[in-house]
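Here's the letter readout for the chains.
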Amino acid sequence: MEISAFNISYKGLSERLVFSRHCTPDPQNTEINLSQGGFGNIESARYPDGSKDGILVAKKTLRREKELSYMFFREVDISNCLRHPCFNDFVGFNIADLSDDQSLQLSPLILTKYLKMGDLAFPKSNPTEAEKHKIEKAMEKLDIIFYGIARGLRFMHSLNFFHRDIKPQNVLLDDNFYPKIMDFGLARKLFEEDDQISLQQGTPYFMAPEIVTQQSYSYPADVFSLGMLIYFCIEGESYFKKIYDQCVEETNQVASNQRQMAIRDLFTRKLCQNYERKNYPPFTKNTKYETLLKQMWEYNPHNRPSIIEVCDMIQTIIEQQGKLQPELLKEFSDYKTQIDDYENE
């Protein structure tokens, strides 16, 4: 199948075709990396690289719908551009799934590196021993994780891209528990510095007020979402759940077929009102990020710090803490140097 079948022309992308008929399911790992989203499903698979077993990859199979074809090629294009230590490795893509399963034919797919540690969305209850270990190690490195995400967004913004859907589920952890940003299905490119977009996209917990209220938005929306991700990882979801439960109770008279949308709308409105009135989420477990996060949550996006400033402020927090934890400071310094060296090549 040619790219022209999608009525889309992306120069050079055909050189990176990956034929999915060579990908085989990896049932031993699917329970670790299996998810279903609005645009497709993700599962682990084996892709031949010349070795006996092939490499383990994450296979994202998208619904083959005409209106999604442009989004698919945009995601491939952005994934191919963002080759950086803070992003998950892009392996390749295929326009059509060529497997023998007739039900899967004509489903475009994207392959990325499979990371067994999973994402930052820690299990809420009854974690396994392996999950407990992952949570413990990740919590030890949260500051470095936050810095890595910020550096990834800094690199992304420098190329005039912004993510639009920063949340724990879209940040994977490698074997060193360093972050790898993923999923560019909602990402966009701004061709001019002051370009704005006004479509409502993202996840309610982490969406900036200007997105919720359908105003024009740009890079500061990612800064806001990163602030929410940092808070979520430190404090959990109790603050959001309390507001959500209130919305559920207040919409109990809405027709069942309209209730979920009504809950979402009310929930996002309540959050926006709180941000506008500076009724910010409470800090009960750790206050070292409180000053920074309140700046990142400014209702007016023009009053938020840039992602470069956020990187600098997180670095300051880590360096201050490093006076008490020299091993943390050493690891951070090595990690930062790795990123700096890559960007300076």
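Above this note sits the structure.
Residues numbered from 1 in each chain as written. Predicted model: local features only at pLDDT ≥ 70, side-chain atom pairs only at ≥ 80, totals over all residues. Heavy atoms only, no water.

When you tally the buried positions in strand 4 (residues 55–62), you get 7 out of 8 residues, the bulk of the element. By the bridge criterion, 5 bridges tie strand 4 to strand 6 (residues 109–113) in an arrangement that is antiparallel. By the bridge assignment, Ala58 is partnered in strand 6 with Thr112. (Buried < 20%, exposed > 50% of the residue type's maximum accessible area, 1.4 Å probe, protein only. Helix = DSSP H or I, 4+ residues; strand = E, 2+ residues; numbered from the N terminus. Pairing = 2+ DSSP bridges.)

A general feature of soluble globular proteins is that nonpolar side chains tend to end up buried together. In this structure, Leu226, Phe240 and Ile314 are the most contacted members of the largest nonpolar core, which totals 74 residues. The element that contributes the greatest number of residues to this core is helix 5 (residues 220–235), accounting for 11 residues. Once residues within four sequence positions are removed from consideration, Ile314 is found in contact with Asp143, Phe146, Tyr147, Ala150, Ile230, Tyr289 and Leu292. In terms of nonpolar packing, the next biggest core, distinct from the first, is built from 7 residues, Leu62, Phe73, Phe90 and Ile110 among them. (Core = buried A, V, L, I, M, F, W, Y, C linked by side-chain atoms within 4.5 Å. Contact = heavy atoms within 4.5 Å.)

Summed over the entire model, instances satisfying the criterion amount to 14 salt bridges. Across the salt bridge formed by Arg151 and Asp340, the nearest N and O atoms sit 2.9 Å from each other. Of this pair, Arg151 sits in helix 3 (residues 142–158) while Asp340 sits in helix 10 (residues 326–344), and the two are 189 residues apart along the sequence. Per residue, the accessibility class of Arg151 equals that of Asp340, and both read buried. For Glu343, the salt bridge identified is with Arg151, shortest N-O distance 2.9 Å. Here Glu343, found in helix 10, pairs with Arg151, found in helix 3; they are 192 residues apart in sequence, far enough to count as distant. For Glu343, a relative accessible area of 27% translates into the label partly exposed. The class of Arg151 is buried, set by a relative accessible area of 1%. Connected through salt bridges with shared partners, the residues Arg151, Lys336, Asp340 and Glu343 form a single ionic network. (Salt bridge = Lys/Arg side-chain N within 4 Å of Asp/Glu carboxyl O.)

The subject of this paragraph is the pairing of strand 5 (residues 90–94). The buried fraction of strand 5 is high, at 4 of 5 residues. Inspection of the sheet shows strand 5 paired to strand 6 by 4 bridges, in the antiparallel sense. If you follow Phe93 over to strand 6, its bridge partner there is Ile110.

With that out of the way, let us pick up unusual backbone geometry. Positive phi, close to 75°, is recorded for Arg164, a residue that is not glycine. By the element assignment, Arg164 lies in the loop between strand 7 (161–162) and strand 8 (171–173). Phi is positive for Asp183, close to 60°, though the residue is something other than glycine. Here Asp183 lies in the loop between strand 9 (179–181) and strand 10 (188–189). On the basis of relative accessibility, which here comes to 24%, the residue Asp183 falls in the partly exposed class.

Let us look at the packing of helix 5 against helix 6 (residues 238–250). Across the interface, helix 5 lies against helix 6 with an axial gap of 9 Å and an inter-helix angle of 100°. Taken together, the axis directions place helix 5 and helix 6 in an arrangement best described as roughly perpendicular. Across from Met228, Tyr231, Phe232 and Glu235 in helix 5, the residues of helix 6 making contact are Ser238, Tyr239 and Phe240. (Axes fitted to C-alpha atoms, helices over the stretch in contact; angles between N-to-C directions. Parallel < 35°, antiparallel > 145°, perpendicular 65-115°, else oblique.)

A word on the packing of aromatic side chains. Using the criterion set out here, one finds 18 aromatic pairs in the structure. Feature note: the residues Phe206, Tyr231, Phe232, Tyr239, Phe240, Tyr280, Phe283 and Trp297 constitute an aromatic cluster, connected by ring pairs. (Phe/Tyr/Trp six-rings, centres within 6.5 Å; stacked < 30°, edge-to-face > 60°.)

Our focus in this paragraph is helix 7 (residues 256–276). Across its 21 residues, helix 7 extends 31 Å between first and last C-alpha, which sits within 8% of the 30 Å expected from 1.5 Å per residue. All of the buried residues along helix 7 are Ile263, Leu266, Phe267, Thr268, Lys270, Leu271, Cys272, Asn274 and Tyr275. Where helix 7 terminates, the next one or two residues include Lys278, which has phi positive at roughly 60°. (Expected span 1.5 Å × (residues − 1).)

Mapped onto the fold, Glu75 is located in helix 1 (residues 69–81). Excluding residues within four positions of it along the chain, Glu75 makes contact with Lys60, Leu62, Ile110, Asp183, Phe184 and Gly185.

Axis separation between helix 3 and helix 9 (residues 307–322) bottoms out at 9 Å; the angle between their running directions is 160°. With respect to helix 9, the element helix 3 is oriented roughly antiparallel. Considering the relative orientation of helix 3 and helix 9, their crossing is left-handed. The residues of helix 9 that touch helix 3, namely those facing Asp143, Ile144, Phe146, Tyr147, Ala150, Arg151, Leu153, Arg154 and His157, are Ile307, Ile308, Val310, Cys311, Ile314, Gln315, Ile318 and Gln321. In terms of residue class, the contact of helix 3 with helix 9 is built from 11 nonpolar, 3 polar and 3 charged. (Left-handed = near helix turned anticlockwise from the far one by under 90°. Nonpolar A, V, L, I, M, F, W, Y, C, P; charged D, E, K, R; others polar.)

By themselves these figures say nothing about function.
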